[in-house]
Protein chains: 2
Amino acid sequence: MTVMETTTARTDTCAGPPQQNRRPDGDDHYTISEVVAFTGLTAHTLRWYERIGLMPHIDRSHTGQRRYTNRDLDWLDLVGKLRLTGMPVADMVRYAELVREGDHTYVERFELLKTTREDVLARIDELRGTLAVLDRKISFYADAGRALASERSR
Amino acid sequence: MTVMETTTARTDTCAGPPQQNRRPDGDDHYTISEVVAFTGLTAHTLRWYERIGLMPHIDRSHTGQRRYTNRDLDWLDLVGKLRLTGMPVADMVRYAELVREGDHTYVERFELLKTTREDVLARIDELRGTLAVLDRKISFYADAGRALASERSR
DNA sequence: CGCTTGCTTGGAGTGCACTCCAGGGTTCTA
DNA sequence: TAGAACCCTGGAGTGCACTCCAAGCAAGCG
């Protein structure tokens, strides 16, 4: 029995609600510019992701142009989320390698996700700390502004 | 009447609880390596901050070595917080310029702080979104792990 | 006094994550 | 079938935020 089928990569495409405007599985071949429209990334960046191993090798048309699938879009969604966490690209490449290597990397992937989760929580806490400082300064400025206003109206 | 005294910079040093191990105002002269210990920044970075205008000109000893004051440390605390928000250095330099320019930049500083606050709130929300995705994947992996375990024990 | 450690400078170098370019082939629309 | 718009490649360039270097002066110690 195989818990995760690497060939269909269900484990790594459960990244959220599906995007709109997708074609049904089966005739899901998107050009690079369509993927640009979906993801907001540039074509340059998409090719670069592929070069550095952050994307699997993308299918090609008979003339060599890239044709992305729904699965590729799902993967890009996940990558987008991981990028938002501030995870370095090198770490995402590592994760992509683990996925490619198959089921036996399960534990390492799990650990990586949990570590990332902790990092995100820590970052949120950090931001809450800066928010407190910001609020203190903002209310200081607001008070100063009120003092200025009453000064002016006198 | 002057709402904010730029010379004492009270407005820009209310950044939080004071650091430990500081000397009392009056004989507060710290070498660059002491400031490194306080802030966690490198000496290179401290000099670079000064060069780009993110720090005011720092006092010098009779031989030309930098002597930081408590006020400088307060400012570095604030810079550290702003840096944690992800604010670009160029924007922090802009803020530093506003402080140097005096009271008439009050409104602009206020706006800048409020914008930063909104950015931080948006960033926290973004991170919460990624956290949701991460949690979904993590629980997926946990379930897969349990399935694997029961498989093994059978 | 010599040695180690610390500080000074301008300018060059680094690592990251893209971003763009030249020079070509392909696909779509009128 | 022509022209516009799109896509391909390897490699070079960009912007940010540091980070380091060389060469020299200064301070503390045995």
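Every chain begins its residue count from 1, and numbering advances along the sequence as written. Throughout, the order in which chains and ligands are written sets their labels, letters from A for the former and numbers from 1 for the latter. Only residues with pLDDT of at least 70 are given local features in this predicted model, and only at 80 or more are side-chain atom pairs given and counted; all residues enter the totals for whole chains, interfaces and linings. To obtain the side-chain values, all non-hydrogen atoms of the structure were used and water was disregarded.

- The name given to chain A in an unreviewed UniProt entry is MerR family transcriptional regulator, with the source organism recorded as Streptomyces tibetensis.

## Quick notes on the overall build of chain A
In step 1: In terms of regular secondary structure, chain A is built from five helices and zero strands.
In step 2: Along the chain direction, N to C, the helices and strands of chain A fall in the order α-α-α-α-α.
In step 3: Each residue is placed in one exposure class: buried if its accessible area under a 1.4 Å probe, protein chains only, is under 20% of its type's maximum, exposed if it is over 50%, and partly exposed if it falls in between. In chain A, which comprises 154 residues, the proportion classed as buried is 39%.
In step 4: When checking whether two residues touch, look at their non-hydrogen atoms; a contact exists if any pair is within 4.5 Å. Summarising the internal contacts of chain A: among those between residues at least 6 apart in sequence, 53% fall at separations of at least 24.
In step 5: For chain A, the computed accessible surface area is about 8600 Å², with 52% contributed by carbon and sulfur atoms. Secondary structure counts use DSSP, requiring at least four H or I residues in a row for a helix and at least two E residues in a row for a strand, with both numbered from the N terminus. Shrake-Rupley sampling with a 1.4 Å probe provides the accessible areas, and residues are treated as covered by the protein chains on show and by no other component.

## Some words on helix α3 (residues 70-84) of chain B
Residue and element names in this part refer to chain B.
In step 1: Expected helix span is computed as 1.5 Å times (number of residues minus one). The terminal C-alpha atoms of α3, which comprises 15 residues, lie 21 Å apart, in line with the 21 Å expected from a rise of 1.5 Å per residue.
In step 2: Considered for burial, the residues of α3 that qualify are N70, D72, L73, D74, W75, L76, L78, V79 and L82.
In step 3: G86 sits one or two positions beyond α3 and adopts a positive phi of about 90°.

## Some words on the packing of aromatic side chains
In step 1: Planes of paired rings set the category: under 30 degrees apart is stacked, over 60 is edge-to-face and the rest tilted, where pairs are Phe, Tyr or Trp rings (Trp by its six-membered ring) whose centres lie within 6.5 Å. This structure, assessed with the given rule, holds 14 aromatic pairs over all chains.
In step 2: Ring geometry for W48 of chain B and Y49 of chain B: centres 5.8 Å apart, planes at 40°, overall tilted.
In step 3: Accessibility expressed as a relative area gives 39% for W48 of chain B, which makes it partly exposed.
In step 4: An aromatic cluster is built from Y106 and F110 of chain A together with F140 and Y141 of chain B, whose rings are joined through pairwise contacts.
In step 5: Over the face of the ring belonging to F110 of chain A we find K114 of chain A, whose NZ or CZ atom lies 4.3 Å from the ring centre. The rule is short: NZ of Lys or CZ of Arg within 6 Å of the ring centre and within 35 degrees of the ring normal puts a charge over the ring.

## As for the environment of T105 of chain A
Residue and element names in this part refer to chain A.
In step 1: Assignment of secondary structure puts T105 in the loop between α4 (89-101) and α5 (106-153).
In step 2: Exposure remark for T105: the relative accessible area of 4% places this residue in the buried category.
In step 3: Once the C-alpha coordinates of T105 and Y95 are considered, the two residues, ten residues apart in sequence, prove to be 9.5 Å apart.
In step 4: In the analysis that follows, any N or O atom pair within 3.5 Å is treated as a polar contact, provided that within protein one partner can donate a hydrogen and the other can accept it, and provided that, for residues neighboring in sequence, both atoms belong to side chains. At a separation of 2.7 Å, a polar atom in the side chain of T105 contacts the main-chain carbonyl oxygen of L98.

## Things to note about the protein's contact with DNA strand C
In step 1: Any residue with a heavy atom positioned within 4 Å of a molecule or strand is treated as near that molecule or strand. Near DNA strand C you find 19 residues, and of these H44 and T63 of chain A together with S33, R47 and R66 of chain B are the closest.
In step 2: Within the contact set of DNA strand C, a phosphate oxygen lies 3.4 Å away from a side-chain nitrogen or oxygen of R83 of chain A.
In step 3: T31 of chain B places a polar side-chain atom, nitrogen or oxygen, 3.5 Å from a phosphate oxygen of DNA strand C.
In step 4: Counting only elements with at least two residues in the surface near DNA strand C, the list comes to α2 (43-51) of chain A together with α1 (32-39) and α2 (43-51) of chain B.

## Re the protein's contact with DNA strand D
In step 1: Neighbouring DNA strand D are 18 residues, the closest being S33, R47 and R66 of chain A together with H44 and T63 of chain B.
In step 2: Here R51 of chain A contributes a side-chain N or O atom positioned 3.3 Å from a base nitrogen of DNA strand D.
In step 3: Taken together, the elements giving at least two residues each to the surface near DNA strand D come down to α1 (32-39) and α2 of chain A together with α2 of chain B.
In step 4: Sort the elements by how many residues they give to the surface near DNA strand D and α2 of chain B lands first, with four residues.
In step 5: Think of it as three bins: nonpolar holds Ala, Val, Leu, Ile, Met, Phe, Trp, Tyr, Cys and Pro, charged holds Asp, Glu, Lys and Arg, and polar takes everything else, Gly as well. When its residues are assigned to classes, the surface near DNA strand D shows five nonpolar, eight polar and five charged.

## Comments concerning the side chain of D72 of chain A
Residues and elements named next belong to chain A.
In step 1: Within the secondary structure, D72 sits in helix α3 (residues 70-84).
In step 2: Buried and unpaired, D72 has no salt bridge, with R71 as the nearest side chain of opposite charge at 6.4 Å.
In step 3: Within the local environment of D72, its side chain forms a polar contact with the backbone nitrogen of T69, the two atoms lying 2.9 Å apart. In this tally, Asp and Glu contribute negative charge and Lys and Arg positive charge; neither His nor the terminal groups of the chain are included. Each salt bridge in this description consists of a side-chain nitrogen of Lys or Arg and a carboxyl oxygen of Asp or Glu lying within 4 Å of one another.

## A few points about the environment of T116 of chain B
In step 1: Its place among the elements puts T116 of chain B in helix α5 (residues 106-153).
In step 2: Taking the C-alpha atoms as reference points, T116 of chain B and M87 of chain B, separated by 29 residues in sequence, lie 7.6 Å from one another.

## As for the pattern of salt bridges
In step 1: Under the defined criterion, the tally for this structure stands at 23 salt bridges over all chains.
In step 2: The residue R123 of chain B makes a salt bridge to E126 of chain B at a minimum N-O spacing of 2.8 Å. In this pair, R123 of chain B and E126 of chain B both sit in helix α5, three residues apart, roughly one turn of the helix.
In step 3: By relative accessible area, which is 34% here, E126 of chain B ends up partly exposed.
In step 4: One salt-bridge network, held together by shared partners, links R22, D74 and D77 of chain A.

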